[in-house]
Amino acid sequence: MIEDDLRAAFARHEPLTPSTGPLRVAIDRLAAVRRRRRQRFQAAGVVLAVLAALGVGVPQLRPDRPVEGSLLFGKPAGAQSGALNVLLVGVDGFGEEPSYRLADSVLLVHIPADRSRPYLISLPRDLEVSVPGRGTDKLNSAFFTGATEARPDLDAGYDLTRRVVADLTGVRVDAGAVLTFAGLRRITEAVDGVEVCLPKEVRSWHTRRTFPAGCQRLDGAASVDLLRQRRYLPDGAFDRDRNAQRYVAGLVRRAVAQDVLTNPVRLAALLSAAGTGLTVDDDGLPMTRLVAVLPELKSVEPVGLSLPVGPPVDSSSRLSLEPKQGPAFLAALREDRLAQWVAQHPEQVNPVR
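Computed from a prediction, not measured in an experiment: that's the story for all the values here.

Attention now goes to the packing of aromatic side chains. Applying the stated criterion across every chain, the model contains two aromatic pairs. Between the aromatic rings of Trp205 and Tyr232, the centroid separation amounts to 5.5 Å while the plane-to-plane angle is 65°, which identifies the pairing as edge-to-face. Of this pair, Trp205 sits in the loop between β8 (202-203) and β9 (210-211) while Tyr232 sits in the loop between α6 (220-227) and α7 (237-257), and the two are 27 residues apart along the sequence. Take Trp205: its relative accessible area is 35%, and that puts it in the partly exposed class.

Attention now goes to the nonpolar core. In terms of nonpolar packing, the biggest core is built from 37 residues, with Leu87, Val89, Leu139, Phe143, Leu305, Phe329 and Leu338 touching the most fellow members. For this core, the element with the most residues is helix α4 (residues 154-169), which contributes six residues. Setting aside its immediate chain neighbours within four residues, Val89 contacts Ala103, Ser105, Phe143, Tyr158, Thr161, Ala177, Val178 and Leu179. Of all hydrophobic cores here, the second largest spans 33 residues; its members include Ala175, Phe181, Val202 and Phe211.

Relative to the helices and strands, Arg353 is located in the segment after α11 (338-344). For the pair Arg353 and Ala249, spaced 104 residues apart in sequence, the C-alpha separation works out to 7.8 Å. Residues in contact with Arg353, not counting those within four places in the same chain, are Glu195, Cys197 and Arg253.

Take the state of the cysteines next. By the definition in use, this model includes one disulfide. Disulfide pairing is shown between Cys197 and Cys215; the S-S distance is 2.0 Å. As the torsion about the S-S bond is roughly 105°, the Cys197-Cys215 disulfide counts as right-handed. Remark: Cys215 occurs in strand β10 (residues 214-218) and Cys197 occurs in strand β7 (residues 194-198); sequence separation between them is 18 residues. For Cys197, a relative accessible area of 5% gives the class buried. The class for Cys215 is partly exposed, based on a relative accessible area of 47%.

With that out of the way, let us pick up the pairing of strand β2 (residues 103-111). Burial within β2 is extensive, with eight of its nine residues counted as buried. As paired elements, strand β1 (residues 84-91) and β2 share eight bridges and run antiparallel to each other. Its bridge partner lying in β2, Leu87 is registered against Leu108. Inspection of the sheet shows β2 paired to strand β3 (residues 119-122) by four bridges, in the antiparallel sense. Each residue of the ladder has a partner; that of His110, found in β3, is Tyr119.

For the rest of this paragraph, the subject is the packing of helix α5 (residues 181-190) against α6. Close contact between α5 and α6 brings their axes to 8 Å; oriented N to C, the two are set at 135°. With respect to their mutual orientation, α5 and α6 come out oblique. Where α5 crosses over α6, the handedness of that crossing is right-handed. Contacts between α5 and α6 pair Phe181, Leu184, Arg185, Thr188 and Glu189 from the former with Gly220, Ala221, Ser223, Val224 and Leu227 from the latter. Looking at the contact of α5 with α6 residue by residue, the class counts come to five nonpolar, three polar and two charged.

Glancing now at the packing of α6 against α7. Two elements in contact, α6 and α7, have axes separated by 9 Å at closest approach and are oriented at 150°. Taken together, the axis directions place α6 and α7 in an arrangement best described as roughly antiparallel. Facing Ser223, Leu226 and Leu227 of α6, the residues of α7 in contact are Arg240, Asn243, Ala244 and Tyr247. Looking at the contact of α6 with α7 residue by residue, the classes come out as four nonpolar, two polar and one charged.

What follows is about the pairing of β1. The element β1 is largely enclosed, with a buried count of eight among its eight residues. Neither face of β1 is open: one carries Leu84, Val86, Leu88 and Gly90, the other Asn85, Leu87, Val89 and Val91, and all of them are buried. Across six bridges, β1 lies against strand β6 (residues 175-180) in parallel orientation. Bridge assignment links Leu87 to a residue of β6, and that residue is Gly176.

Another point: the environment of Thr145. By the element assignment, Thr145 lies in helix α3 (residues 141-147). You can call Thr145 partly exposed: its relative accessible area is 23%. Thr145 sits eleven residues away from Arg134 along the chain, and the two C-alpha atoms are 7.3 Å apart. With near-sequence residues (within four places) excluded, Thr145 lies in contact with Val131, Pro132, Arg134 and Leu160. Polar side-chain contacts of Thr145 include one of 2.8 Å to the backbone oxygen of Ser141.

About the criteria used
- Residues numbered from 1 in each chain as written.
- Predicted model: local features only at pLDDT ≥ 70, side-chain atom pairs only at ≥ 80, totals over all residues.
- Heavy atoms only, no water.
- Phe/Tyr/Trp six-rings, centres within 6.5 Å; stacked < 30°, edge-to-face > 60°.
- Helix = DSSP H or I, 4+ residues; strand = E, 2+ residues; numbered from the N terminus.
- Buried < 20%, exposed > 50% of the residue type's maximum accessible area, 1.4 Å probe, protein only.
- Core = buried A, V, L, I, M, F, W, Y, C linked by side-chain atoms within 4.5 Å.
- Contact = heavy atoms within 4.5 Å.
- Disulfide = S-S within 2.5 Å.
- Pairing = 2+ DSSP bridges.
- Axes fitted to C-alpha atoms, helices over the stretch in contact; angles between N-to-C directions.
- Parallel < 35°, antiparallel > 145°, perpendicular 65-115°, else oblique.
- Left-handed = near helix turned anticlockwise from the far one by under 90°.
- Nonpolar A, V, L, I, M, F, W, Y, C, P; charged D, E, K, R; others polar.
- Polar contact = N/O pair within 3.5 Å; in protein donor to acceptor, adjacent residues only side chain to side chain.

This is the structure we're talking about:
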């Protein structure tokens, strides 16, 4: 009897129950949007990394910081004026979901307003900086502080690193990306290897492989192996940063030689290469507009530079800005005068070939 009463009650109230159809449609629509956004996010990330390596300027990416002439106003990328700065953060780790900790490489790509050529500026990972929520610490700890979770968040790690770099340099960071070594390996394979020119022999602490002095074509695994090395190098992490610049320069030449950005097939292959090994805050900007910046550059051959620093300040190996050259270099960066600074300090240029 109770069962019959319950059935009758449900039958009376069923017409009053709101239809689940619209809710189901809304959920499905939201899921589809998120899937498309993730796909755009990953694909745009690969392009951004390559464009940054090529010295291609990328306009403002964050909707909460719009600037006149940016893609957010619907203007072509070629209309962007002024200097541009792209932040690349490299993190160690293997596999699709490695446990990210510290940023091994922090590279700022500066594109001057005259679009003469890109400047690759290595920021030492051991540089002493102010990290929000952590106090005074090394630059590489900014990524750890932002990303450290049960499942590390590349976005959060990049975002905090970007804030620290912007505060340190005094320049606006227009775009950026985080590239894991797994993603770097796949990008290298997608272009059939990258030529890296070394001034001296490098021995691998991890694989015991020897990289001879001179130019050599490296596959993905070899590129990752080289870029992890610092123990056997005379200048340790500084030499590792220089080798990262040499790798980027080699990637530049390889991409230009293969017409990667103008060949739809090759571009499509590169778009899917890095997978989850790269992430970027791109907000779904059209890649065609980013590619359109390339013709503005008078030369894609980059100039390698390092932020001038002094000796370690204590036993923790923390570094501080070199008292004279450090502030002068940052002033030249902020005022878009790196060409003049390089002309006055040719000894500070890191050969990339």
